[in-house]
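# An overview of the molecular structure
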Amino acid sequence: MHFVNAKSILSAKNGMNLYRGCSHGCIYCDSRSKCYHMDHAFEDIEVKENAIELLEDALRRKRSKCMLGTGSMTDPYIPLEKEIGNVRKALSLADEYGFGFTLITKSDRVLRDLDLLKAINDKTKCVVQMTLTTYDEDLCKKIEPNVSTTRERAAVLQKLRDAGIPTVVWLSPILPFINDTEENIRGILEYCIEAKVYGIICFGMGMTLREGNREYFYSQLDRLFPHLKEKYIRTYGTQYQISSPRNGMLMKIFHQLCEDNGILHDNDRIFEYLCSFEEKSQYVQLNLLDYL
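Residues numbered from 1 in each chain as written. Predicted model: local features only at pLDDT ≥ 70, side-chain atom pairs only at ≥ 80, totals over all residues. Heavy atoms only, no water.

## Concerning the sheet that holds strand 3 (residues 19-20)
Pairing is mixed across the open sheet formed by three strands, whose spatial order is 1-4-3. Across the chains shown, the open sheet's two edge strands, defined by having one partner strand only, are strand 1 (2-4) and strand 3. Strand direction decides the pairing type here: strand 3 and strand 4 (residues 46-48), joined by two bridges, are antiparallel. Bridge pairing links Arg20 to Glu46 in strand 4. (Pairing = 2+ DSSP bridges. Helix = DSSP H or I, 4+ residues; strand = E, 2+ residues; numbered from the N terminus.)

Here it is in structure tokens:
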């Protein structure tokens, strides 16, 4: 790892990257793409040593409350978080200043902060987003080697359900010729149904490949799935967005199972939910009593 001083921490949409780079080793990670201009090795985690000071200053200056977010570029619960603790510190600030929070992860380390997730959700809204791609545990360990398995993530979703924390699942990416099977999609959706997730984000059964992550992905295919790289090249060439040949059939199953089980499956509506700040009436009432 290495440390840097950042000039700012919150994006225009109130997202933040407390770390840059990742050690989870997922073979398909889009964050490796050169368009993100990461000027260091991907596994050499960049730590913004002034991130928490910048965040507190930004929250003090905010004229209105909003949802804060993290995890879109780097999983917030990489192993380094246990040592640095920036995610927990950020959650503590959100709780202190009355902001909502949402995060995206593949790690059961999120349960370490269950107390803060509940505290935020009691006042406003705290949503945990969990990525699920591969129902088969052995296959999961191959393509997502250094992170909680899908079964372990499903157990996290159930614990969050029991704690009253709303959850959203990312069904992405689905890798053509690897995990684009009916068994895989049905297995993941059964986990989601059992955990009573609020919604599932899915952009189709496929993935993205662009300069940077394409080369890494192909090198991993050579290592893990001999000769499959050649099939990708023959089928997709240099396309950025690639779709499974089974996309139509699998998407039909996806939408039908979500509809039958009351799970939101409209991406736009889910993103609207994730971005909308809600203040719980009880919290508002307590604030009013402070002034009487």
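Having seen the structure, we can now continue with the description.
## Quick notes on the environment of Ser33
Take Ser33: it is sitting in the loop between strand 3 and strand 4. Ser33 sits in the buried class, given a relative accessible area of 2%. Aside from chain neighbours lying at most four places away, what touches Ser33 is Arg210, Glu211, Gly212 and Asn213. (Buried < 20%, exposed > 50% of the residue type's maximum accessible area, 1.4 Å probe, protein only. Contact = heavy atoms within 4.5 Å.)

## Some details on the nonpolar core
If you look at the biggest cluster of nonpolar residues, it comprises 63 residues, and the most contacted ones within it are Phe101 and Ile200. With near-sequence residues (within four places) excluded, Phe101 lies in contact with Met16, Met67, Leu68, Thr70, Ala90, Leu91, Ala94, Ile120, Lys125, Cys126 and Val127. (Core = buried A, V, L, I, M, F, W, Y, C linked by side-chain atoms within 4.5 Å.)

## Examining the sheet that holds strand 8 (residues 167-170)
Across the sheet, six strands lie side by side as 2-5-6-7-8-9; this open sheet has parallel pairing. Since the sheet does not close on itself, it has two edges, and those belong to strand 2 (15-16) and strand 9 (199-201), each with one partner. In this sheet, strand 5 (residues 67-70) lies alongside strand 2 in parallel orientation, the contact comprising two bridges. Note that in strand 5 the partner of Met16 across the bridge is Thr70. Sheet strands touched by helix 4 (residues 114-123): strand 6 (100-105) and strand 7 (126-131). Its angle to strand 7, the strand with the most contacts, is close to 130 degrees. (Axes fitted to C-alpha atoms, helices over the stretch in contact; angles between N-to-C directions.)

## Considerations on the pattern of salt bridges
Enumeration according to the criterion identifies 16 salt bridges in this entry. In this structure, Lys34 and Glu211 form a salt bridge, with 3.4 Å as the shortest nitrogen-oxygen distance. Pair noted here: Lys34 is in the loop between strand 3 and strand 4 and Glu211 is in the loop between strand 10 (206-208) and helix 8 (213-224), with a separation of 177 residues, a long-range link. Between Arg60 and Glu56 there is a salt bridge whose closest N-O contact spans 3.3 Å. Of this pair, Arg60 and Glu56 both sit in helix 1 (residues 51-61), four residues apart, which is roughly one turn of that helix. With a relative accessible area of 56%, Arg60 lands in the exposed category. (Salt bridge = Lys/Arg side-chain N within 4 Å of Asp/Glu carboxyl O.)

## A closer look at the packing of helix 3 (residues 86-97) against helix 4
At their nearest, the axes of helix 3 and helix 4 sit 9 Å apart, and the two run at 25 degrees to each other. It follows that helix 3 is roughly parallel to helix 4 by the angle criterion. Judged by the sense of rotation from one axis to the other, the crossing of helix 3 with helix 4 is left-handed. Residues Arg88, Leu91, Ser92, Ala94 and Asp95 of helix 3 pack against Asp115, Leu116, Leu117, Ala119, Ile120 and Lys123 of helix 4. Of the residues in the contact of helix 3 with helix 4, the class split is six nonpolar, one polar and four charged. (Parallel < 35°, antiparallel > 145°, perpendicular 65-115°, else oblique. Left-handed = near helix turned anticlockwise from the far one by under 90°. Nonpolar A, V, L, I, M, F, W, Y, C, P; charged D, E, K, R; others polar.)

## As for the packing of aromatic side chains
Enumeration according to the criterion identifies eleven aromatic pairs in this entry. An angle of 35 degrees between the planes, with centres 6.3 Å apart, marks the rings of Phe177 and Tyr236 as tilted. Of this pair, Phe177 sits in the loop between strand 8 and helix 7 (182-195) while Tyr236 sits in helix 9 (residues 228-236), placing them 59 residues apart in sequence. When the ring of Tyr232 is compared with that of Tyr236, the centres are 5.8 Å apart and the planes differ by 55 degrees; the resulting orientation is tilted. (Phe/Tyr/Trp six-rings, centres within 6.5 Å; stacked < 30°, edge-to-face > 60°.)

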